[in-house]
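# Inside the fold
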Amino acid sequence: MKISFYKKGVIIFLLFLAAGLVFSSFYGGEVSFVWLYSAILLIPVSFLYILINYKFLSIYQEMGTHRVLKGDEHSFMFVFENEGLLPVHKMQLRTYKDRCMLGDVEDGMLLSLGSFNRKELSSPISCKYAGTYDVGLAEVLFTDPFGIFSVSFDVPYKFRAIVSPRITDSGEKAVDIENIINNTGLKSLMQFEDIPGSDAREYQKGDAVSAINWKLSARLSRIMVRLPERKEKRTLTMIMEAVDVPESKQDTEFLKDRDRFLEFVVSCAYSFAVQGVPTKIVYPSGVVKEHIVNSYESFFEFYGTVADGVFYGTKEDYDKLQEIISNRSSVDGEETVILIREKPSLGEEYCAVI
Amino acid sequence: MGKNIALLSDELQLHIFVFVLISACLEILYGFSAFPVEYYSKSFLFLSIFFFFFYAVIGYVFDLIVSGKVSVLFSVLPSILLFLLLKRTAVAYAGVAAIVAAVLRLSFALLPKRKTVLMAGSIVLGGICFYLWFSNDAEFVDGAVRNLTYVFAAVLILAAVQEFFYEKRKDGFPFYFFVILSIFLAVIPKSQEPINWNVVLDVGRKFVESVSYYMPDIFGGASYNTGYSSFNVTGGKLHFTEKIQISLSTFDMPYYTFEDENGTLINRRKVLYLAGGRGSEKDQIVSFINMLHSAGVNKQEAKVFSEVCSVGVDYRFLKTYDEIAPINALSLLRNEQIVEGGKSTELHKTGYHLRVKYLSIDYGNAYLADIIRNSGQDLGNQKAYMSFSEACDYFEEIYGVELLAYVSEEEYNNACEKGFLKGGRSEFLSTGNTSSNMQDLAKELTENVSGDYDKCKSIENYLRQYTYSTDIKYDGEEYDMSTPEGAGALAEKFLFEDGEGYCVHFTSSMLMLLRLSGIPARVSVGYRYVFPFEKADSYEILGKDAHAWPEAYIENVGWVPFEPTSGFRSMEENTWNRVLQEAPDNEKTVYPSMQAPKFTQGENKSNEEDAKEESIFIELVRVVLPVFASIIGLLVVLMAGTVLINRIVYNMASADKKFEINVEHIKKEIRKKSADDFADRGLLSDYEKRVPDELRDNAKEVFGIYYRMLYGGSDISSVSEEEVTKAEALRAILSHGAKAHTT
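Heads up: these notes are all about the structure in this document. Predicted model only: the values in this text are computed from it and were never measured. Numbers given for residues are sequential positions, taken from 1 along each chain in its written order. Key to labels: chains lettered from A, ligands numbered from 1, both in the order written. Since the coordinates come from a predicted model, pLDDT governs what is reported: local features require at least 70, and pairs of side-chain atoms require 80 or more to be given and counted, while whole-chain, interface and lining totals use all residues. The side-chain quantities take in all heavy atoms of the structure and omit both hydrogens and water.

Let us now look at the overall build of chain A. Working definition: helices are DSSP H or I runs of at least four residues, strands are E runs of at least two. Numbering for both runs from the N terminus. A count of helical and extended segments in chain A gives 7 helices and 19 strands. Between buried and exposed lies partly exposed: a residue is buried under 20% and exposed over 50% of the maximum accessible area for its type, with that area taken using a 1.4 Å probe on protein chains only. The buried share of chain A, reckoned over its 354 residues, is 47%. Here, residues are in contact when the closest pair of their heavy atoms is within 4.5 Å. Intrachain contacts of chain A at a sequence separation of at least 6 include 71% that bridge at least 24 residues. Accessible areas in this description were obtained via Shrake-Rupley with a 1.4 Å probe; residue shielding takes into account the shown protein chains only. About 17,900 Å² of surface is accessible on chain A, with carbon and sulfur atoms providing 54% of the total.

Residues and elements named next belong to chain B. Note on pairing: two strands pair once DSSP finds at least 2 bridges between them. Here 5 strands make up an open sheet; going across it, the order is S10-S7-S18-S20-S21 and the pairing antiparallel. Both outer strands of the open sheet, strand S10 (324-326) and strand S21 (558-561), are each paired with one neighbouring strand and no more. The average undirected angle you get between the axes of adjacent strands in this sheet is 45°. With 7 bridges connecting them, strand S18 (residues 521-530) and strand S20 (residues 546-554) associate as antiparallel partners. Orientation is described by axes fitted as lines to C-alpha atoms, over the contacting stretch for helices, and by angles from 0 to 180 degrees between their N-to-C directions.

Now for the interface of chain A and chain B. Facing 37 residues of chain A, the contacting portion of chain B comprises 37 residues. By buried area we mean how much accessible surface two parts lose on assembly, using a 1.4 Å probe and totalling the loss over both. Taken over both partners, the interface formed by chain A and chain B buries close to 3,400 Å², and the fraction arising from carbon and sulfur atoms is 79%. It is Glu 30, His 89 and Phe 146 of chain A in chain A that bury the most area against chain B; as a group they hold 20% of the surface buried on that side. Each salt bridge in this description consists of a side-chain nitrogen of Lys or Arg and a carboxyl oxygen of Asp or Glu lying within 4 Å of one another. Viewed at the interface, chain B and chain A are joined by 2 salt bridges. In protein, a polar contact requires one atom able to donate a hydrogen and another able to accept it; more generally it is a pair of N or O atoms within 3.5 Å, and residues adjacent in sequence count only if both atoms are side-chain atoms. Taken together, the connections running from chain A to chain B amount to 9 residue pairs in polar contact (both at pLDDT 80 or more). Those elements giving two or more residues to the side of chain A that touches chain B turn out to be helix H1 (7-26), helix H2 (30-55) and strand S5 (88-95) of chain A. It is H2 of chain A that contributes the most residues to the side of chain A that touches chain B, 14 residues altogether. Residue polarity is assigned by list, with Asp, Glu, Lys and Arg as charged and Ala, Val, Leu, Ile, Met, Phe, Trp, Tyr, Cys and Pro as nonpolar; anything else, Gly included, falls into the polar class. Residues that form the side of chain A that touches chain B fall into these classes: 23 nonpolar, 11 polar and 3 charged.

Let us now look at the sheet that holds strand S2 (residues 57-63) of chain A. Residue and element names in this part refer to chain A. Ordered by their spatial adjacency, 4 strands build an open sheet running S2-S4-S8-S6, and the pairing between neighbours is antiparallel. If you trace the sheet from one side to the other, it starts and ends with S2 and strand S6 (100-102), each paired once. Going across the sheet, the axis of each strand differs from the next one's by a mean of 30°, ignoring polarity.

Here the focus is helix H2 (residues 42-63) of chain B. For H2 of chain B, spanning 22 residues, the distance from its first C-alpha to its last is 31 Å, which sits close to the expected 32 Å at 1.5 Å a residue. Buried residues of H2 of chain B: Phe 44, Leu 45, Ser 48, Ile 49, Phe 51, Phe 52, Tyr 55, Ala 56, Ile 58, Gly 59 and Phe 62 of chain B, and no others. The span you would expect from a helix comes to 1.5 Å times its residue count less one.

Let us now look at a negative patch on the surface. All names here are of chain B. Only residues whose relative accessible area exceeds 30% and that form no salt bridge are eligible for patches; like-charged ones are grouped when within 9 Å, while nonpolar side chains (Val, Leu, Ile, Met, Phe, Trp, Tyr) are grouped when within 5 Å. His is not counted, nor are the chain ends; Lys and Arg add positive charge and Asp and Glu add negative charge. A charge is said to be at NZ when it belongs to Lys, at CZ for Arg, at CG for Asp and at CD for Glu. Taken together, the side chains of Glu 390, Asp 393, Glu 396, Glu 397 and Glu 402 make up a negatively charged region of the molecular surface. Relative to the helices and strands, Glu 390 is located in helix H13 (residues 388-399). Glu 390 gets classed as partly exposed once you look at its relative accessible area, which sits at 43%.

The next thing to look at is the packing of helix H20 (residues 655-673) of chain B against helix H23 (residues 721-735) of chain B. Residue and element names in this part refer to chain B. Where H20 contacts H23, the two axes come as close as 9 Å, and the packing angle between them is 20°. Between H20 and H23, the angle is such that the two are roughly parallel. When the axes of H20 and H23 are compared, the crossing they make is left-handed. Contact residues: Ala 655, Lys 658, Phe 659, Ile 661, Asn 662, His 665, Ile 666, Glu 669, Ile 670 and Lys 673 in H20; Glu 721, Glu 723, Val 724, Ala 727, Glu 728, Leu 730, Arg 731, Leu 734 and Ser 735 in H23. Taken together, the residues that form the contact of H20 with H23 break down as 9 nonpolar, 3 polar and 7 charged. Relative orientations are named as follows: roughly parallel for angles under 35 degrees, roughly antiparallel for angles over 145 degrees, roughly perpendicular for angles from 65 to 115 degrees, and oblique for any other angle. Two helices cross in a left-handed way if the nearer one is turned anticlockwise from the farther one by less than a right angle. They cross in a right-handed way if the turn is clockwise.

Note on aromatic contacts: the rings of Phe and Tyr and the six-membered ring of Trp form a pair at centre separations within 6.5 Å, being stacked when their planes are under 30 degrees apart, edge-to-face when over 60 apart, and tilted otherwise. For the structure shown, the criterion picks out 54 aromatic pairs over all chains. Through a chain of ring-to-ring contacts, the aromatic side chains of Tyr 49 and Phe 146 of chain A together with Tyr 166, Phe 173, Phe 175, Phe 177 and Phe 178 of chain B assemble into a single cluster. Should the NZ of a Lys or the CZ of an Arg lie within 6 Å of a ring centre and within 35 degrees of the ring normal, that charge is described as sitting over the ring. When the ring centre of Phe 56 of chain A is taken as origin, the NZ or CZ atom of Lys 55 of chain A, which lies over that ring, is 5.5 Å away. Taking NZ or CZ as reference, Lys 658 of chain B lies 5.7 Å from the ring centre of Tyr 650 of chain B, over its face.

A surface patch of nonpolar side chains, about 520 Å² in accessible area, is lined by Leu 7, Phe 50, Phe 53, Val 57, Tyr 60 and Val 61 of chain B. Structurally, Val 57 of chain B can be placed in helix H2.

All names here are of chain B. The residue Arg 425 is located in the loop between helix H14 (409-418) and helix H15 (436-446) in this model. Counting along the chain gives 96 residues from Arg 425 to Ala 521, while the straight-line C-alpha distance between them is 9.1 Å. Sequence-distant contacts of Arg 425, defined by excluding residues within four places in its chain, comprise Gly 518, Pro 520 and Glu 555.

Here we come to the nonpolar core. We define the nonpolar core as a collection of buried residues of types Ala, Val, Leu, Ile, Met, Phe, Trp, Tyr and Cys that are connected through side-chain atoms lying within 4.5 Å of one another. Of all hydrophobic cores here, the largest spans 118 residues; its most connected members are Phe 80, Met 91, Val 135 and Val 140 of chain A together with Phe 178 of chain B. When sequence neighbours within four positions are dropped, the list of residues in contact with Phe 80 of chain A reads Ser 58, Ile 59, Met 91, Leu 93, Leu 111, Leu 113, Asn 117, Arg 118, Lys 119, Leu 121 and Leu 137 of chain A. Counting residues in hydrophobic clusters, the runner-up holds 73 residues, among them Ile 285, Phe 288, Val 297 and Ala 302 of chain B.

Looking now at the pattern of salt bridges. In a structure, side chains of opposite charge can pair up when their charged atoms sit close to one another. Residue and element names in this part refer to chain B. Taken as a whole, this structure holds 43 salt bridges over all chains when the rule is applied. A salt bridge links Glu 11 to Arg 105; its shortest N-O distance comes to 2.9 Å. Here the residue Glu 11 occupies a position in helix H1 (residues 2-30), and Arg 105 occupies one in helix H5 (residues 92-110), the gap between them amounting to 94 residues. For the pair formed by Glu 11 and Arg 105, the shared burial category is buried. Among the salt bridges present, the one from Arg 278 reaches Glu 281, with a minimum N-O distance of 3.1 Å. Linked by salt bridges that have partners in common, Arg 278, Glu 281, Arg 522 and Glu 551 make up one network.

A word on the packing of helix H3 (residues 69-76) of chain B against helix H4 (residues 78-86) of chain B. All names here are of chain B. Direction vectors running N to C along H3 and H4 enclose 10°, while the axes themselves pass 4 Å from each other. Relative to H4, the element H3 lies roughly parallel. Across from Phe 74, Ser 75 and Val 76 in H3, the residues of H4 making contact are Pro 78, Ser 79 and Ile 80. Tallied by class, the residues present in the contact of H3 with H4 amount to 4 nonpolar, 2 polar and no charged.

Residue and element names in this part refer to chain B. We place a 1 Å grid over just the protein atoms. Points where a 1.4 Å probe fits but has no way out form a cavity, open points with protein on both sides within 12 Å along at least 5 of 7 lines form a pocket, and any residue with an atom within 4 Å of a point lines it. Grid points are joined across faces, edges and corners, and a volume is the space filled by probe spheres set on the points. Each pocket or cavity is described by its volume, and for the second largest pocket that value is around 790 Å³. If you go around the second largest pocket, you meet 25 residues; those closest to its centre are Leu 7, Glu 11, Tyr 60, Asp 63 and Arg 105. When residues of the lining of the second largest pocket are traced back to their parent elements, those giving at least two are H1, H2, H3 and H5.

Residues and elements named next belong to chain B. Its 12 residues place the ends of helix H16 (residues 452-463) 17 Å apart at the C-alpha level, agreeing with the 16 Å of an ideal helix rising 1.5 Å per residue. Within H16, 9 of the 12 residues are buried, which leaves it mostly tucked inside the rest of the structure. Residues of H16 that are buried: Asp 452, Tyr 453, Lys 455, Cys 456, Lys 457, Ser 458, Ile 459, Glu 460 and Leu 463.

What follows is the structure, encoded as structure tokens:
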């Protein structure tokens, strides 16, 4: 609950109170004290009225689905119900306008409800950032009859949306592997794929039919299979260094950073998936997790979790990721490690090979 | 239900408005002599509101059957019956109240733009109420009605101001808020007197005093703050302080009562002089009682100008080593222990308590003045003092207390043998270097006067001609009044330069003049406290009550205080005015015994009350039953009338109109029976969906005809009688029990 006073209203109120005091200092009886007591009681009775209004007010808000795509429009519904005797007068609706756009419900819209009355409002909504955050109605604000003060209350039940980032090409150029390798002269960790090799042996149960060397088999009159040779394949590790910000401090700046971060990571992962470059993505999801993206299916598996899956369970998890970052390195050539920092410090790059 | 709650809010506002309106009208009409008094009563007002509410309730019930002004008109019809029934009863004004309420009810119902009228009217009505109060000191029947009138007027004005200025004449804040406010306002008691800010100022002052009590006084300067102090004074401008320095507690009355020349009883407040640094004045007491004894004063005579009193003395914002007590103190007790001497070795601070017994003497009494005068003149004969036992007996005889409790035999004998002037005469005759002006003045005032007492009075009366003023220019010096030089300097300045001053100046002047006249004199410092008329548990002596006065030593009498300061009443003006009373006759007056008649009224009274209660009940029944019956009758008439009118209208209507009416009824029935409360979008398909399956085809057909009728244009033929019959049949089936579907 937050109370704020309006300067103009307070001045008028103080003048009224002073006038009541002066009047009562010269004249006794009901005629003067009624005004003095009115002035004195105005604020507490208004506050009481507002509290009763809030006590009997129920607010529900919902969207068709919790998981949405950034920028897509969905239908959002608000239900306001006044279960009390006292009507609600011009309650101001405060929305999360910094992170979502509601078409038909403006921020600061006034709503009045009669006694035992119910109203439904629906509006299209689109979320501005990727991530997991509350959308819709944030607060309701009540003002006293004479504009002296207002009291805002948090909506008891907020709606938490999981907004997936769009798949863009924002990260593509930044993580061009050829450039990275050419620039750094590093080779990826040896990961092999099987190709038919020169060596052969007699067929054994379980060997792939495609491995049978028919020419050799005909010559030797027994089925011979080629032994596979290992081919070096390019691999990559991407570490997502997310910030550890408690939920209560996740403001618009945080959402912007997270949005950019997720979009970038998803873009990178998609780029690698398209190129067929197996990518190990290391990210915090409660504990530190690793997810290999080497196909469309694995990419979308990662994509489906990334919107609400990036968070630290404890401080230790954050420390563990930092340790991983400091221990992993591309210097000795074992693997290419790309570090994507959600909020780089001064002098640090947003995306860098470490 | 929300609609009913909104209606309740409007009705509350209307009722409150009507209350204030009737109250104001009664007050205005009361000014006219022809106005019947019985109407200017709480009963009439509340009956009017009750009937107003009664019509509102009936109107609400009738509104279920017929809407609009018809229901209002019918709701006030019972008022005629009420008036006729009530005018023959003891409460004839109740009938008038019923009519008044009916008229008001009808007026407000027929009023166009009622909300605007109420809003503007509230401000006007409030203004009228305040005008009535300001100009006529209006009573508004009684306190309770006045309270409610102003409370309601205030909330109506607030509601109007809120709607007009804050909502710009749209949708004002719910009136329930103002109802809640009015409830609080009505129950909080309101003083008939304006706010007494003295209480706040006292609290503030006490706080400041308590802080400054513990802080050293670092501000000196040109002004002298009143308060108990030593003899060191500046003689400059006086600044009165309201610090409480001493609290007195006594069971005695704070005033004396006497009869003036017309026989009227007059109360005169007691004046008490408290001196510091003297303690119990045993020598003074011994001298005084010996004087009385020599003058042959008996108990009755002594009572005229003296009495033994007791007082509790509590130090408050005071720090001193002195024992402060009323003059002529007999004994000072602290924690039941006798306090000897006038100065302690310990500093007395707040909380220090003394119980003082003292001899209160009326020095302004003419009889005492004669005794003193005569005793003082009779210096030739060496007075023989009473023996201790004689003194004890005499003291007990005249005052009823033992002298031994206050003065031991040794102290008594010492006082008698060594004299009552401790320290010797020379100390109290010392004048230092006085100017010739002063000496001439002393001579001029006393040369033709015989007797020390009369000399003292002459000087006193002379000095009382000087102007009392506290605004004296400070000359930068500090004077010690206890020294002849200090007192002399003050006196010189006062007598021959400024010509005005306060107690310090008057006292110093009298001191010097007395001494120059050969009369031993001393300065006393302490307090001069005038009791209030109201008896209290304690009395507070403030800093401004600090005082200095001279005392002259008159042989065979002792120290006698004088009041030369012209700003205060003299001893004579403060006299108790007691006179010697004749002893009452001891004969008893015998009254004949009276036979009181036998008292039987109680029985009659209870019979009367029973009869009265019974008649009220009968009258109530005689009024309520017909009214109730009339309301039922009206209800029946309304219902029957509505049905009849509807039937006539229907029968006289064209086919198209009949069809339309039937369709509206069909819609109403479907809506009534539908489980879900759907909004009317103006589409008959919404209704069709909710019709029972077996009637759906019928409904479809009827609605189709209706659409054709509405949108078919002039080319299409109007609805036929057969089609009307179909609609009537569907309507009849639906109203007789077929349940609607939900979608």
